[in-house]
Each structure stands twice: as C-alpha cells, then as structure tokens.
Amino acid sequence: MRDDRAGRLILSLRQQGVTDPRVLAAMESVDRAVFVHEKFLEQAWEDQALPIDCAQTISQPYVVGLMTQALQVGPRHRVLEVGTGSGYQCAVLSRLARFVYSVERYKSLLKEAEARLKALGVDNVFTRHGDGGEGWREQAPFDRIMVTAASPHEPRDLLRQLKPGGVLVAPVGRGSVQMLNRYTADEDGAFSRESLLEVRFVPLVEGVAKET
C-alpha cells in the first residue's frame, strides 16, 4: 500500500520546504517500507523517525529530504555517507550521485542494509564496516559528505576529505538537540559554515561497535 501514502508524503515534504525536484523524485522512488521493521510497516510512509536495531533510527523523511537538498548532490558526484543505518538515506543518495561510499560501525546493520540495497538493484554504492568519524581516506577526496549521526564537535577529520568547493552536511552538538550545519570548502582549505535548523540524531560514536 505504497502509492497514495507515498504521494501524500511527498506533498507534505514540498509544503515543508523540500522543493528540489530531483530530491523529491529520488525519495518517491525509494520504498521506505523496505527499510523499516515489519511491526512498523503501517508507519513507513508517515513523516516520523522509526527505531531500528542497535538502538539506532531511520530518520524522519522531512529530515532526510532537507539534508539531501542541502547537500546539493550532482549526478557526477562521489558522496561519502557516515552512518549507513537501515540503508534508506544511502538508497536516496544513490539515485542522485554517481557513487556513494557508506561507512557503518555496526556490522549487523551494515549486512542488513547491503541486502536491502541489493534487493532494490542499487549498484553504485560501496560499503565499509568501520569508524565513520574517520571517513574513508582511501577514497577521498569527496564532492559531498553527509553525516547521519551527531558529531560532538566540528567534524574536522571529515572536512579534510572534501574537495575544494565540496559540501558537508552534519548535525553538530553534544545535547539531545543538535544544530544541522552545512560546510562548504574553499580553494585554500578553509570552510564556511551555515546553520540550517535544530535536529535530533543519535550520537556519532568513535570506534567500531563490539556487537556483530
């Protein structure tokens, strides 16, 4: 029962300020129900965050749309995603970018996300089990970087992996409410910062999780 509910969600996102047609088309083309637990299927197309394993969440569609729009992804861009989670945001990015590189600290979440992406026929995503805060140095620099967990401080290690002119979008802050920031790299290695809105994300934790 995706059809009407998907259309209503996209209309709601547009009314809330997610107006980029490429972003809206990408979100409409990705079946969010694939990425939620079976017991939450009835809520899959509602504009709310939902729990997944390892005490993580699949983000609210409005936040996914806003962050994706803020990232300004082009069809030839290489994008780094920090925090694969359910794989939903990754699937949306895969519709917009040339390649997506996604890092997840929980191996079980990563395996499930990989299976979902494969089932959807996504073939331009590369995944890695590791510490997302370290990025993916071997594949850097990136045109765009999205962080889907809250960094307690400015993510300087990740900012160093941006190309000149590149954009990084990340929630930053130590409390239960963080500020969603957009950073733009200049030719000299410096960055400008724009604060977008307050958000709530799980924290970005150092290291690889012990859970398998």
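Structural data are supplied above this passage.
Our subject in this report is the structure included herewith. None of the values given here were measured: they were computed from a predicted structure.

1. Examining the pairing of strand β6 (residues 142-147)
- Within β6, 6 of the 6 residues are buried, which leaves it mostly tucked inside the rest of the structure.
- Bridge analysis of strand β3 (residues 78-82) against β6 gives 4 bridges, and the strand direction is parallel. If you follow Glu-81 over to β6, its bridge partner there is Met-146.
- Where β6 and strand β7 (residues 162-172) come together, 4 bridges link them in parallel fashion. Bridging from a neighbouring strand, Ile-145 pairs with Leu-168 of β7.

2. Points about the packing of aromatic side chains
- In this structure the tally under the stated criterion is 5 aromatic pairs.
- Arranged with centres 5.2 Å apart and planes meeting at 20°, the rings of Tyr-101 and Phe-126 form a pair that is stacked. Placement of the pair is Tyr-101 in strand β4 (residues 99-104) and Phe-126 in strand β5 (residues 125-129), with a sequence separation of 25 residues.
- Given the relative accessible area of 7%, Tyr-101 is considered buried.
- Given a relative accessible area of 36%, Phe-126 falls into the partly exposed group.
- By the ring-pair criterion, three or more aromatic residues cluster together here, those being Phe-99, Tyr-101, Phe-126, Trp-136 and Phe-142.

Conventions and cut-offs
- Residues numbered from 1 in each chain as written.
- Predicted model: local features only at pLDDT ≥ 70, side-chain atom pairs only at ≥ 80, totals over all residues.
- Heavy atoms only, no water.
- Buried < 20%, exposed > 50% of the residue type's maximum accessible area, 1.4 Å probe, protein only.
- Helix = DSSP H or I, 4+ residues; strand = E, 2+ residues; numbered from the N terminus.
- Pairing = 2+ DSSP bridges.
- Phe/Tyr/Trp six-rings, centres within 6.5 Å; stacked < 30°, edge-to-face > 60°.

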